[in-house]
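Each chain, letter by letter, is given below.
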Amino acid sequence: MRAAEIGGKPKDNPWEMALRQFNRAADLLPLKRGIREFLVQPHRELTVNFPVHMDDGTVKVFTGYRVHHSTVLGPTKGGIRYNPHVDLDEVRALAMWMTWKCALMHLPYGGAKGGVACDPSTLSRGELERLTRRYATEISVIIGPARDIPAPDIGTNEQIMAWIMDTFSMHVGHSTPAVVTGKPISIGGSAGRREATGRGVMIVAREAANARGLEFSGSRVAVQGFGNVGAVTAYLMHDQGCRVVAVSDVQGGIYNPDGLDPRAVLGYVKETGGVAGFPGTTGVSNAELLELPCDFLVPAAIEGQITGGNAARIKARIIVEGANGPTTPDADEILQERGVFVIPDILANAGGVIVSYFEWVQDLASFFWSEEEINARLERIMEQSFAGVAALAKEQQIDLRTSALLFAVRRVADALMTRGIYP
Ligand code: NAD
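The model shown is predicted, which means the values in this text are computed figures rather than measured ones.

Novice: How do you make sense of the overall build of the protein when you look at a structure like this?
Specialist: Broken down by element type, the protein carries 14 helices and twelve strands. Against the compact-globule benchmark of 22 Å for 423 residues, the protein has a radius of gyration of 20 Å, which places it among compact chains. By principal-axis analysis of the C-alpha atoms, the protein measures approximately 55 × 55 × 45 Å. Relative to its full complement of 423 residues, the protein shows a buried share of 59%. Pairs at least 24 residues apart make up 69% of the contacts formed inside the protein by residues separated by at least 6 positions.

Novice: Explanation requested: the packing of aromatic side chains in the structure shown.
Specialist: Overall, the coordinates contain ten aromatic pairs when judged by the stated rule. Taking 6.1 Å as the distance between ring centres and 45° as the angle between the ring planes, the aromatic pair formed by Tyr357 and Phe358 counts as tilted. The rings of Tyr109, Tyr357, Phe358, Trp360 and Trp369 are connected pair by pair, giving a single aromatic cluster. The aromatic ring of Phe341 is capped on one face by Arg212, whose charged end is 4.1 Å from the ring centroid. The side chain of Arg377 reaches across the aromatic face of Trp369, ending 4.5 Å from its centre.

Novice: What should I look at first to understand the packing of helix 13 (residues 371-396) against helix 14 (residues 400-419) in this one?
Specialist: Relative orientation and spacing of two packed helices are given, respectively, by the angle between their axes and the distance between those axes. In the contact formed by helix 13 and helix 14, the axes pass within 8 Å of each other and the chain directions differ by 110°. One element, helix 13, and the other, helix 14, form an angle in the roughly perpendicular class. Counted together, Gly388, Val389, Ala390, Leu392, Ala393 and Gln396 of helix 13 and Leu400, Ser403, Ala404, Leu406, Phe407 and Arg410 of helix 14 form the full contact between these two elements. Across the contact of helix 13 with helix 14, the residue classes tally to eight nonpolar, three polar and one charged.

Novice: I would appreciate a short explanation of helix 5 (residues 158-172) in the present structure.
Specialist: Note that an α-helix has 3.6 residues per turn; residues three or four places apart therefore point the same way. With 15 residues, helix 5 should cover 21 Å at 1.5 Å per step; its first-to-last C-alpha distance of 21 Å lies within 8% of that length. Of the surrounding elements, those touching the buried residues of helix 5 are strand 3 (76-82), helix 4 (125-139) and strand 5 (148-152). Its side-chain oxygen 3.1 Å from the backbone nitrogen of Gln159, Asn157 forms the N-cap of helix 5. Two residues or fewer after helix 5 comes Gly173, characterised by a positive phi angle close to 90°.

Novice: Please clarify how the nonpolar core should be interpreted in this entry.
Specialist: Counting 91 residues, the largest nonpolar core has Leu39, Trp100, Met237, Val247, Phe296, Val320 and Ile343 as its most contacted members. It is helix 14 that provides the largest number of residues to this core, a total of ten residues. Summarising the domain contributions, this core has at least three residues from each of domain 1 (42-189) and domain 2 (194-348). Excluding its chain neighbours within four sequence positions, the residues that come into contact with Val320 are Val201, Val204, Ala205, Phe296, Leu297, Val298, Pro299, Ile343 and Ala348. Judged by nonpolar contacts, the second largest core, of 24 residues, contains Phe62, Tyr82, Ala136 and Val180.

Novice: Explain the site of the ligand here, please?
Specialist: Around the ligand there are 24 residues in total, and Asp153, Thr197, Asn228, Val229 and Asn324 lie nearest to it. A distance of 3.3 Å separates an oxygen atom of the ligand from a polar side-chain atom of Arg193. Contributions of two or more residues to the shell around the ligand are made by helix 6 (193-212) and helix 7 (228-239). Residues lining the shell around the ligand come from more than one domain, with at least three contributed by each of domain 1 (42-189) and domain 2 (194-348).

Novice: I keep staring at the domain arrangement of the protein and nothing clicks. Help me out?
Specialist: Many authors give the size of an interface as the accessible area that is lost as the parts come together. In terms of domains, the protein is made up of domain 1 (42-189) and domain 2 (194-348). Of note, the centres of domain 1 and domain 2, computed from C-alpha atoms alone, are 27 Å apart. Across the interface of domain 1 and domain 2, roughly 840 Å² is buried in total on both sides, 61% from carbon and sulfur atoms. When residues of domain 1 are sorted by the area they lose upon contact with domain 2, Trp97, Lys101 and Leu104 head the list and together hold 47% of the total. Taken together, the links from domain 1 to domain 2 amount to one salt bridge. Seen at the junction of domain 1 and domain 2, the total is two residue pairs in polar contact (both at pLDDT 80 or more). Of the residues forming the side of domain 1 that touches domain 2, the biggest block, six residues, is contributed by helix 3 (residues 88-104).

What counts, and where the lines are drawn
- Residues numbered from 1 in each chain as written.
- Predicted model: local features only at pLDDT ≥ 70, side-chain atom pairs only at ≥ 80, totals over all residues.
- Heavy atoms only, no water.
- Helix = DSSP H or I, 4+ residues; strand = E, 2+ residues; numbered from the N terminus.
- Rg over C-alpha atoms; globule rule 2.2 N^0.38 Å.
- Buried < 20%, exposed > 50% of the residue type's maximum accessible area, 1.4 Å probe, protein only.
- Contact = heavy atoms within 4.5 Å.
- Phe/Tyr/Trp six-rings, centres within 6.5 Å; stacked < 30°, edge-to-face > 60°.
- Lys NZ or Arg CZ within 6 Å of the ring centre and 35° of its normal.
- Axes fitted to C-alpha atoms, helices over the stretch in contact; angles between N-to-C directions.
- Parallel < 35°, antiparallel > 145°, perpendicular 65-115°, else oblique.
- Nonpolar A, V, L, I, M, F, W, Y, C, P; charged D, E, K, R; others polar.
- Expected span 1.5 Å × (residues − 1).
- Polar contact = N/O pair within 3.5 Å; in protein donor to acceptor, adjacent residues only side chain to side chain.
- Core = buried A, V, L, I, M, F, W, Y, C linked by side-chain atoms within 4.5 Å.
- Domains from an automatic or database assignment.
- Near = heavy atom within 4 Å.
- Buried area = accessible area lost by both parts, 1.4 Å probe.
- Salt bridge = Lys/Arg side-chain N within 4 Å of Asp/Glu carboxyl O.

What follows is the structure in structure tokens.
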């Protein structure tokens, strides 16, 4: 059971959410029945149970997953999540969202996702490395630079990608940097990758402000989740003159209506391990943060945070989905009725997979680009994608999520029809 716990664990099943979103878009498309049935199913799913030596001398068995949702557009791509609540339905949903995200962004990838049910904060560095290397070994039968390329997600980072890259390389007998993205730069990572998702979120927030006639500089921002995506989004929006009034992590949030300096909060998190107690702020829960007065709400933690239960109380004018699946379909309906502009995950947080694609291309070519070049290319793709999705939404009088999904599902369906059904 997916219980509501610290920080509000999703009560809505993410896979059911992903299916409802897909069906809403697919109903608007002329898709043959068999094609629709194929697109909705995960192409392949791997569940692995594997033992890890713990520091206290015991052996603990962990469960991990890797799901390839679609292989129509190319090798699959998607992050690896380490979180106690990881289960097959969550990984399936995240893999499907990756398919649509890559298609929307014109990347030559299908969608995948992986995860291990574990709490990395309770593991020593040695345990984390042994767990990662064994999980990488277990999924090595279906990953590879031409097959499936993992990346970081909740609870994983550059170091974990380095261990996966090294493990895979040891198995094949030569260095294979292109097997994962989000690696440290010293072993074939890309300039700009660490900040890419947050940078993309900032860019679409700016574009959304323009579209809505809202002054970007001076606008108030609340960010749920102060990790890779949330923290970078917060400081890049702060750099643009936005007022970041609240941020949170799994333990809870902090609020100052006059604004806070996200880089100072980052320094504080490095010292204390969390945002709570940052000087000059008042404590708020994750649920309260979502309902604070602000112009932009950036959910950047987990799925199912904005629901039919709280959507009517959201005060933000624009929601930019840094996280995957933070808004349930019930909430979408309420927000649309209320005129809240929701920039969907597959558009808003695509900066990460875009620069991951750049990293993979650089690894395959062994030729590396400058950060300026990467950021400029990222910005262009984000701006064009936002403009395309917003224009179709306006033309067809639909919300941005359905518009983005229409582009994405149509692209995958067209490629599938063009390739034909084998044999
Ligand atoms: P992260 O582990 O770096 O940070 C996650 C943050 O959310 C942390 O501050 C954590 O404390 C907080 N959090 C975790 N569980 C929570 C809960 N139940 N309630 C409230 N806060 C909680 O992870 P990340 O890479 O920043 O990923 C965040 C979201 O962004 C995820 O939905 C992920 O799928 C999505 N995303 C990440 C990337 C990427 O490049 N890392 C790209 C696209 C989308």
